[in-house]
Amino acid sequence: MDTQNPQQLPNCSYQYHNNGIHEYVLRDGSRAAFDDFATLMAQVEATDTNQGVLTQLLDMRQGTPPLTYAYNMMRQYIEQLEVRRTVRLAILHDAARDIELVNSLVDLLQVKGTVQFFTDRQKAMAWLLDVTV
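Please read these numbers as outputs of a predicted model, since none were measured by experiment.

J.: I keep staring at the pairing of strand 5 (residues 87-92) and nothing clicks. Help me out?
T.: Along any regular strand, the residues point their side chains to alternate faces of the sheet. For strand 5, the tally of buried residues reaches six of six residues, placing the bulk of the element in the interior. A two-sided burial pattern is seen for strand 5, the buried positions comprising Val 87, Leu 89 and Ile 91 on one face and Arg 88, Ala 90 and Leu 92 on the other. Pairing of strand 4 (residues 54-59) with strand 5 involves six bridges; the strand directions are parallel. What sits directly across from Leu 58, in strand 5, is Ile 91.

J.: Explain helix 2 (residues 67-80) to me, please; I cannot follow it from the model alone.
T.: Since there are 3.6 residues in each turn of an α-helix, residues three or four apart along the chain are aligned in direction. Along its 14 residues, helix 2 runs 20 Å from first to last C-alpha, staying within 8% of the 20 Å computed at 1.5 Å per residue. All buried positions along helix 2 are accounted for by Leu 67, Ala 70, Tyr 71, Met 74, Tyr 77 and Ile 78. An end-on view of helix 2 places all buried positions within 130° of arc, on one side of the element. Among the exposed residues of helix 2, those pointing more than 90 degrees away from its buried face are Thr 68 and Glu 79.

J.: In this structure, what is going on with the packing of helix 1 (residues 31-47) against helix 2? I would like to understand it.
T.: When two helices pack together, their arrangement is given by the angle between the helix axes and by the axis-to-axis distance. In the contact formed by helix 1 and helix 2, the axes pass within 10 Å of each other and the chain directions differ by 20°. Relative to helix 2, helix 1 is oriented roughly parallel. Handedness of the crossing formed by helix 1 with helix 2: right-handed. Within the contact between the two elements, helix 1 uses Arg 31, Phe 34, Asp 35, Phe 37, Ala 38, Met 41, Ala 42 and Glu 45 and helix 2 uses Tyr 69, Ala 70, Met 73, Met 74 and Tyr 77. Classifying every residue of the contact of helix 1 with helix 2 by side-chain character gives ten nonpolar, no polar and three charged.

About the criteria used
- Residues numbered from 1 in each chain as written.
- Predicted model: local features only at pLDDT ≥ 70, side-chain atom pairs only at ≥ 80, totals over all residues.
- Heavy atoms only, no water.
- Buried < 20%, exposed > 50% of the residue type's maximum accessible area, 1.4 Å probe, protein only.
- Helix = DSSP H or I, 4+ residues; strand = E, 2+ residues; numbered from the N terminus.
- Pairing = 2+ DSSP bridges.
- Expected span 1.5 Å × (residues − 1).
- Arc of directions from axis to C-beta.
- Axes fitted to C-alpha atoms, helices over the stretch in contact; angles between N-to-C directions.
- Parallel < 35°, antiparallel > 145°, perpendicular 65-115°, else oblique.
- Left-handed = near helix turned anticlockwise from the far one by under 90°.
- Contact = heavy atoms within 4.5 Å.
- Nonpolar A, V, L, I, M, F, W, Y, C, P; charged D, E, K, R; others polar.

Next comes the structure, spelled out in structure tokens:
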């Protein structure tokens, strides 16, 4: 798969794929990893000129960040946005026990768009690219 503009921060990496998917990979479940993710996501949202749906893949298989911390940070981020973009977000995970709570927090954030959880990267990518879903 062709990619453009890979970026690395100490605890999170970012890659834009030519198919329109913005991919973030947390290297662990630390606050620092989530901070790096938030930094990269803000850069993408500030520079992405596409006015359509923002298609993103968040890989948390190396660890789930502290959920209260992640929720509070995302809530503050969303509140400061002038325009809330519609997102299509696939979250990759390994820890099934955390997904119920993560899903509840996503619901509380009232994300504009669709969020799905996956354990398989290929299925997540296929879902992101399937415009009929």
